[in-house]
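Coordinates in review
For reference, the chains in residue letters:
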Amino acid sequence: RHVRLREPLSVLYLILIAAAASFMVGMVGAIANPILFHCSALEGWLFWAVTELVYYMALLPVILALPDFHWRMNNHRQWRFPHPALAQTMPVLALLASCVLSAIFNGPGAIAFPVPALLWCAITYGVSTTAGLTLIVSIWTLLAISRGYLPVSIHNGMHTILSIRLGLTLITFAPLTVASVMAARNELFLRMQHMAEHDQLTGLTNRRAFIDHSDALLSTLAAEKRPAAIMMLDIDYFKEINDTFGHAAGDTVLKTFARTTGSFLRGTELFGRLGGEEFGILVPDCTRETALAIGNRVRNSFADAIVELDDGRRVSATVSVGIVFMHHTLSAIEHSLSIADGALYRAKQDGRNRVELAEIN
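Since this is a predicted model, take the numbers as computed values, not measurements.

A count of helices and strands for the protein gives 12 helices and seven strands. For the protein, restricting intrachain contacts to residue pairs at least 6 apart in sequence, the fraction spanning at least 24 positions comes to 71%. Taken as a whole, the protein presents about 18900 Å² of accessible surface, with 63% of it coming from carbon and sulfur.

Spelled out as structure tokens, the structure:
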């Protein structure tokens with residue numbers, strides 16, 4: 001993660017390593033400059049070291065923060081260039097304006113004009129984009145100074161050049177640090193959000209998240225008068241499994257059920273753990289026959305599954321399923337769940353390991 005600049009201290013480590021490498025390169029200048037340019041060894045060492053440090057701090061962040069394209073294809077949080085919407089382009093426009101202003105106003109301080117805009121970019125975009133923009137600003141500043149577009153006086157010789165290059169290095173340090181902190185903060189937020197919405201044992205959405213997501217989907221389906229089915233599923237004799245084999249065995253049964261059932265759902269369904277041994281499935285845009293087929297497939301697949309415990313013992317379990325099929329979807333998930341729960345109760349009363357269906361026209 002430090003290599004990808006995804007931690008708050010990543011940029012600090014980067015600048016320390018870059019400084020160490022630059023100082024080693026400066027040893028070459030300490031030897032070469034007295035021979036080639038008749039300067040002192042100290043001046044040669046400083047000039048080469050600072051020059052290398054500028055290059056390292058401009059180029060290395062771009063290379064290290066390049067997106068992982070395999071990760072992009074397999075993760076919904078894809079890296080993408082800033083969206084063309086005005087809110088996303090404003091930091092770049094501010095950066096361009098700051099570069100223009102730096103060319104208009106005189107004085108060495110002009111090279112620091114882009115810093116606020118770079119910090120805005122660091123807050124708005126990711127590490128990769130910030131590193132790229134920082135590289136562009138660094139290259140533009142060096143070229144503008146050398147071509148005279150940026151009116152910074154360099155008549156004082158090498159010391160002024162070294163000061164300017166060190167200043168550019170520090171300018172890159174600030175936005176990259178902010179971008180790394182923001183990346184760590186965003187990833188922490190997403191992990192906390194995932195933990196808040198998912199059951200830690202099975203990895204499924206928990207009751208609150210299942211109800212929230214179902215409410216949103218059912219509202220859309222109801223507005224368009226599209227059908228849907230909601231299933232309540234309860235593992236049979238789960239208390240007896242815990243009492244006979246232990247709670248660790250019960251946890252293994254729950255994980256096996258979640259894995260077995262989730263393996264053949266299409267991906268358009270919502271699947272969550274509602275609490276204890278009770279689960280819920282929302283199937284949008286299905287027929288009555290499809291809902292029954294899915295319910296029976298869940299039941300048969302779990303009945304055929306063998307749960308092997310750590311001590312070598314095997315446990316078999318079954319599940320009862322209650323389904324409410326809605327020809328025209330109800331927008332209230334709680335009411336739909338209560339109807340599905342009534343069908344589940346009938347399945348339990350009639351012998352368990354069954355599927356019972358209720359319909360709403």
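Our focus in this paragraph is the environment of I63. By secondary structure assignment, the location of I63 is in helix α2 (residues 41-64). Sequence spacing of I63 and A131 is 68 residues, and the spatial spacing of their C-alpha atoms is 8.7 Å.

This part takes up the pairing of strand β6 (residues 319-326). For β6, the buried fraction is high: eight of the eight residues fall into the buried class. Of the two faces of β6, both are covered, the one formed by V319, V321, I323 and F325 as well as the one formed by S320, G322, V324 and M326. Of the pairings in the sheet, the one linking strand β1 (residues 228-235) to β6 comprises eight bridges and is antiparallel in character. Bridging across to β6, A229 finds its partner in F325. Inspection of the sheet shows β6 paired to strand β7 (residues 355-360) by six bridges, in the parallel sense. Each residue of the ladder has a partner; that of I323, found in β7, is L357.

Moving on, we get to the sheet that holds β1. With mixed pairing, the five strands of this open sheet are ordered in space as β2-β3-β1-β6-β7. The outermost strands of the open sheet, each flanked by one partner alone, are β2 (270-275) and β7. If you compare each strand with its neighbour and ignore which way they point, the axes differ by 20° on average. Here helix α11 (residues 288-304) sits on the sheet in contact with β1, β3 (278-284), β6 and β7, set at roughly 170° to β6.

About the cut-offs
Residues numbered from 1 in each chain as written. Predicted model: local features only at pLDDT ≥ 70, side-chain atom pairs only at ≥ 80, totals over all residues. Heavy atoms only, no water. Helix = DSSP H or I, 4+ residues; strand = E, 2+ residues; numbered from the N terminus. Contact = heavy atoms within 4.5 Å. Areas by Shrake-Rupley, 256 points an atom, 1.4 Å probe, with all protein chains shown as cover. Buried < 20%, exposed > 50% of the residue type's maximum accessible area, 1.4 Å probe, protein only. Pairing = 2+ DSSP bridges. Axes fitted to C-alpha atoms, helices over the stretch in contact; angles between N-to-C directions.

Any link to function would need more than the numbers given here.
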